[in-house]
Amino acid sequence: RPRVLSGIQPTAGSFHLGNYLGAVRQWVALQESHDAFYMVVDLHAITVPQDPKELRANTRLAAAQLLAAGLDPERCTLFVQSHVPEHAQLGWIMNCLTGFGEASRMTQFKDKSAKQGADRATVGLFTYPVLQVADILLYQANQVPVGEDQRQHIELTRDLAERFNSRFGPTFTVPAPYILKETAKIFDLQDPAIKMSKSASTPKGLINLLDDPKVTAKKVRSAVTDTDTVIRYDAEKKPGVSNLLSIYSTLTGTAVPDLEQKYEGKGYGALKTDLAEVMVEFVTPFRTRTQEYLDDPETLDALLAKGAEKARTVAAETLAQTYDRMGLLPAK
Ligand code: AQP
C-alpha cells in the first residue's frame, strides 16, 4: 500500500472548516486505501508562543477531533509529533541541507511572520517548513494530503529529498502533494478573497467546528455574496457564492451543477438557509463525538502512546539510515 503522511496543529479551541475540508476529510478517506500516518504537530505549534497548560489540553483536543472526524486507530497510525523524537533529529539534518535564501522564499513564513510582527517571529517559525520536510521524509511518504497553502512546502520537501539522495545515495522517497481541486482552498465567509484561517481578522468569517451550532448557522446565513442574484459557480466573478457551493457540494456529495440547478430562480437566502442546516447537521454529532473522547483522557493518551510506538519503528529506521549515509559516527 502506498503511504501517506500529514499533520495538523493543536489549535486553541477547534479545527476550522478549512482544516476539515482541505485536509482532514481526505485523511479519513485515505486510511482505507493507504498506509496512513497522521499526527498532531505540537512542535509546529510552539513556533509561536503557547501557554503550557493550554498546549497540553489543545493537543488532546486535536486528537479527539481527529477521531471524531473518523480516523480509526485500527486503520491508521495516529500520534503526537513530540512523542517521536526523530522529527526534531531529522529536522536538524534538513536544516543543514537547506539554503538560507531557499527558506526565506517560503510564503507561509512571510505571511505568518508579518502577522506576528517581523521582530517577534522566532527562528523556529522561520525553519518550520524544514521541520515539515523531516516530518514527511521520516515516513517515506508517497503522498501528502494538504490544502493548497502547503504546496510550496511539499515542493521544498521534494527538493531536499532529491538533494540528499543525489549527494548521499538513494535514501528518501520523493513525495507528491495530494490536493483535491474542489476543497484545496476554503475561503473566509466574510472575505472570500482570503483563505479561511484561524488567524482571520474577524471571527465572523471563520467556521469553527466546535462552535455552538447556532453560531455556525448564523455565520453561514450572514456570509458575504455579491450584488447579483444568480446562484452559479464562478470562482473569479462570484467568489463568495462559489465558496458556499464548494462547501455545500463537499458536505452533501451533491455535484455543483446539480446545486446550481436546484437553486435556479431562487435567491441567496435560500442557499444560505439550506447550507446552514447542512452545517448544523454536520457539526452537531462532531461536537458530541469530540466530547466523548475528551471525557476519557486515559483511553485517548493510551491510544496516542500506541500510535507513537508504531510511528517510531518507521522513523527510527529512516533516521539511522540517514545518519549512516551522512557519516555520523554510530554510538557503540
Ligand atoms: N482555508 C483552508 N482551505 C483548505 N485547507 C486549509 N488548511 C488550512 N486552512 C485551509 C489545511 O489544513 C491543514 C492543517 O493546517 P495547520 O494545522 O497547518 O493549520 P494552519 O495552516 O496553521 O491553519 P490556518 O488556519 O491556515 O493557520 P494560520 O492562520 O496560522 O495560517 C493543512 O493541510 C492546511 O493546508
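What counts and what doesn't
Residues numbered from 1 in each chain as written. Predicted model: local features only at pLDDT ≥ 70, side-chain atom pairs only at ≥ 80, totals over all residues. Heavy atoms only, no water. Core = buried A, V, L, I, M, F, W, Y, C linked by side-chain atoms within 4.5 Å. Buried < 20%, exposed > 50% of the residue type's maximum accessible area, 1.4 Å probe, protein only. Helix = DSSP H or I, 4+ residues; strand = E, 2+ residues; numbered from the N terminus. Contact = heavy atoms within 4.5 Å. Near = heavy atom within 4 Å. Polar contact = N/O pair within 3.5 Å; in protein donor to acceptor, adjacent residues only side chain to side chain. Areas by Shrake-Rupley, 256 points an atom, 1.4 Å probe, with all protein chains shown as cover. Nonpolar A, V, L, I, M, F, W, Y, C, P; charged D, E, K, R; others polar. Patch = residues over 30% accessible without salt bridge, like charges linked within 9 Å, V, L, I, M, F, W, Y side chains within 5 Å. Salt bridge = Lys/Arg side-chain N within 4 Å of Asp/Glu carboxyl O. Lys, Arg positive; Asp, Glu negative; His and termini not counted. Charge placed at Lys NZ, Arg CZ, Asp CG, Glu CD. Expected span 1.5 Å × (residues − 1).

Moving on: the nonpolar core. Core analysis: the largest hydrophobic core is formed by 56 residues, its most contacted members being Tyr38 and Leu66. For this core, the leading source of residues is helix 12 (residues 268–294), giving nine residues. Once you skip the residues sitting within four places of it in the chain, Leu66 turns out to touch Ile8, Phe15, Val24, Trp27, Val40, Leu71 and Leu78. Formed by 39 residues, the second largest nonpolar core is a distinct cluster that contains Leu5, Leu138, Tyr139 and Ala184.

With that out of the way, let us pick up the site of the ligand. Residues in contact with the ligand amount to 21 residues; listed here are only the nearest, Asp149, Lys195, Ser197, Lys198 and Ser199. At 2.4 Å, a side-chain N or O of Ser199 approaches an oxygen atom of the ligand. When the ligand sits alone it has 650 Å² of accessible area, and the protein chains cover 94% of it. Element by element, the count of residues in the shell around the ligand is highest for helix 1 (residues 17–30), at four residues. Of the residues belonging to the shell around the ligand, the class tally is six nonpolar, ten polar and five charged.

This part covers a negative patch on the surface. Where like charges cluster on the molecular surface, the negative patch consists of Glu292, Asp295, Asp296 and Glu298. Structurally, Asp296 can be placed in the loop between helix 12 and helix 13 (297–326).

Now for the pattern of salt bridges. Tallied over the full model, the rule gives twelve salt bridges. Put simply, Glu32, Asp72 and Arg75 are held in one network by salt bridges that share partners.

In this model helix 10 (residues 239–252) runs 20 Å from its N-terminal to its C-terminal C-alpha over 14 residues, within 8% of the 20 Å that 1.5 Å per residue would give. Of all 14 residues making up helix 10, eleven are buried, and the element is well covered by its neighbours. Residues Gly240, Val241, Ser242, Asn243, Leu244, Leu245, Ser246, Ile247, Tyr248, Ser249 and Thr250 constitute the buried set of helix 10. Lining the buried residues of helix 10 we find helix 1, helix 11 (256–262) and helix 12. Phi turns positive, to about 75°, at Gly253, one or two residues after helix 10.

Here the phi dihedral of Gln140 falls at roughly 55°; this positive angle occurs in a residue that is not glycine. With respect to the helices and strands, Gln140 occurs in the loop between helix 7 (123–137) and strand 4 (143–145). Gln140 sits in the buried class, given a relative accessible area of 18%.

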